[in-house]
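So you can see what is in the structure, the chains are spelled out below.
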Amino acid sequence: MKSKITDANFPRTADGRVYHLGLRQGEVANRIVTLGDPSRARRIAKFLDATPVPFVLHSERGFLTITGKYSGTPISIVAIGMGIGNMDFFVRECRESLDGDMAIIRLGSCGSLVPELPVGSLSLPKACVGITRNYDYDFTATSSESSAYQSPEPPYRISRLVDGNEPLHVQLKEAAEATRPEGARDAPVRADFINASADSFYSSQGRLTSFPDHNEGLISELIQRVPGAATLEMETHHLFHLAAVYPKPPTELPSGLDSSHPVLTRPEGEISASGNAPNSDTPQEKLVAARASRGAIYATAIQMIFAQRQSQDFITPEEVELRENWAGKACLEALVKFNVESAQADEGTVWATA
């Protein structure tokens, strides 16, 4: 850390840069493609307009942001690495670095659990569940009966559903079909399945190692409990969750409610917060109300099937390159066609042209 931090609650440098992504206002656009691999981010950034020259920022914490224009529309491509924690850094720090609505598409690879999604397919999940390891479970016991501590819960928890944004989801599906390359004419593109995001690559995805993870039946349980579950990865559920719970701006709230009481406009069955709401005069409630005008967050995802868990097939390098270009172009096309309210003005941004 080379700069003085001004706020321990939400760390920023004196010149306004957030702690992990290293960004400040005017360096990240309202439309964002997020992915894990920085090399993939650079490859997709080649589709950006030549003018203005894209802005590139490597943060000290390993995040890469590339911001430019695509078909004249400001877009950022942000590589975040892997996992829930990095997705949390990305969404929260980008949200506090820009005003107006945010449209975010997660582009990543994943494993398939169903024969309808062979290696090389694209899946656009309509909803997600989260899978988390239960740290109160006695993983050292050879069986639940021999456990010294009888956990009332199973070794893994599967959350309820949280939906992505349907209009952005539809726009992405149309873009994926419109940009389909010659070499992938027969590759399935499915937009009707559900994704599961795990908090680890191994235990919470049912992979067997020498650790006593008690996960032998996890995949079967997932498929049984969540009809339509078809893919496994590590990030998308948290993106969908944060987008769903973020306070809507006053113009999007139902009649009779104000922004100090945010409403989650989600269908029945999605994940929701539990417990009593905080008192209206608490600092946190005032903070939420103050930030409600920043704009809504709309999120969806596109996944390249790299592994087939049933057949054990894995994608080839040639197939990866084709799918990356295809999915990346679809993300960019979908974002420029998606309506974003109150987007930042060009003045003072890295994409401003003289």
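Since the model is a prediction, treat every value here as computed from it, not as a measurement.

Cut-offs applied
Residues numbered from 1 in each chain as written. Predicted model: local features only at pLDDT ≥ 70, side-chain atom pairs only at ≥ 80, totals over all residues. Heavy atoms only, no water. Helix = DSSP H or I, 4+ residues; strand = E, 2+ residues; numbered from the N terminus. Buried < 20%, exposed > 50% of the residue type's maximum accessible area, 1.4 Å probe, protein only. Contact = heavy atoms within 4.5 Å. Phe/Tyr/Trp six-rings, centres within 6.5 Å; stacked < 30°, edge-to-face > 60°. Lys NZ or Arg CZ within 6 Å of the ring centre and 35° of its normal. Patch = residues over 30% accessible without salt bridge, like charges linked within 9 Å, V, L, I, M, F, W, Y side chains within 5 Å. Areas by Shrake-Rupley, 256 points an atom, 1.4 Å probe, with all protein chains shown as cover. Salt bridge = Lys/Arg side-chain N within 4 Å of Asp/Glu carboxyl O. Axes fitted to C-alpha atoms, helices over the stretch in contact; angles between N-to-C directions. Left-handed = near helix turned anticlockwise from the far one by under 90°. Nonpolar A, V, L, I, M, F, W, Y, C, P; charged D, E, K, R; others polar. Pairing = 2+ DSSP bridges.

Visitor: Mind showing me how you'd approach the overall build of the protein chain here?
Guide: If you tally the helices and strands in the protein chain, you get 7 helices and 13 strands. Taken over 354 residues, the protein chain has a buried fraction of 52%. Pairs at least 24 residues apart make up 77% of the contacts formed inside the protein chain by residues separated by at least 6 positions.

Visitor: Please clarify how the packing of aromatic side chains should be interpreted in this entry.
Guide: Aromatic rings in a pair are described by how distant their centres are and how their planes are angled relative to each other. Taken as a whole, this structure holds 5 aromatic pairs when the rule is applied. Between the aromatic rings of Phe139 and Tyr156, the centroid separation amounts to 6.1 Å while the plane-to-plane angle is 70 degrees, which identifies the pairing as edge-to-face. Taken together, the positions of Phe139 in the loop between strand 7 (127–133) and strand 8 (156–158) and Tyr156 in strand 8 put the pair 17 residues apart, joining distant regions of the chain. Among the residues examined, Phe139 registers a relative accessible area of 10% and is labelled buried. On the basis of relative accessibility, which here comes to 3%, the residue Tyr156 falls in the buried class. Over the aromatic face of Phe139 sits the side chain of Arg133, whose NZ or CZ is 3.8 Å from the ring centroid.

Visitor: What exactly am I supposed to notice about a nonpolar patch on the surface here?
Guide: Together, Met82, Phe201 and Tyr202 make up an exposed nonpolar region whose accessible area comes to about 330 Å². Mapped onto the secondary structure, Phe201 falls in the loop between strand 11 (194–198) and helix 4 (218–225). You can call Phe201 partly exposed: its relative accessible area is 34%.

Visitor: Sorry, what's going on with the packing of helix 2 (residues 84–95) against helix 5 (residues 236–245) here?
Guide: The relative placement of two packed helices is expressed as an angle between their axes plus a distance between the axes. In contact at an axis separation of 9 Å, helix 2 and helix 5 are set at 35 degrees when each is read in the N-to-C sense. The two elements helix 2 and helix 5 meet at a crossing, and its hand is right-handed. Residues Ile84, Met87, Asp88, Val91 and Arg92 of helix 2 pack against His238, Leu239 and Leu242 of helix 5. Within the contact of helix 2 with helix 5, the residues separate by chemical class into 5 nonpolar, 1 polar and 2 charged.

Visitor: Could you clarify how one ought to interpret unusual backbone geometry in this entry?
Guide: The bulk of non-glycine residues show a negative phi, and the bulk of peptide bonds are trans. The omega angle of the peptide bond from Thr51 to Pro52 is -5 degrees, so this bond is cis rather than trans. Tracing the backbone shows Pro52 in the loop between helix 1 (38–45) and strand 2 (55–58). Phi angles above zero are rare outside glycine, and Gln312 is one such case at about 70 degrees. Along the polypeptide, Gln312 turns up in the loop between strand 13 (297–308) and helix 7 (317–337). The exposure class of Gln312 is exposed, given its relative accessible area of 62%.

Visitor: Explain the pairing of strand 3 (residues 64–70) to me, please; I cannot follow it from the model alone.
Guide: The side chains of a regular strand alternate between the sheet's two faces. Counting buried positions along strand 3 yields 7 of 7 residues, so the element is predominantly enclosed. Across the two faces of strand 3 the burial is the same, with Leu64, Ile66, Gly68 and Tyr70 and Thr65, Thr67 and Lys69 all buried. Of the pairings in the sheet, the one linking strand 2 to strand 3 comprises 4 bridges and is antiparallel in character. Note on strand 3: the bridge partner recorded for His58 is Leu64. Joining the antiparallel neighbours strand 2 and strand 3 is a turn of 5 residues, in which Gly62 adopts a positive phi near 95 degrees. Counting the residues between successive antiparallel strands, the hairpin from strand 3 to strand 4 (residues 73–79) contains 2 residues, one of them, Ser71, with a positive phi of roughly 55 degrees.

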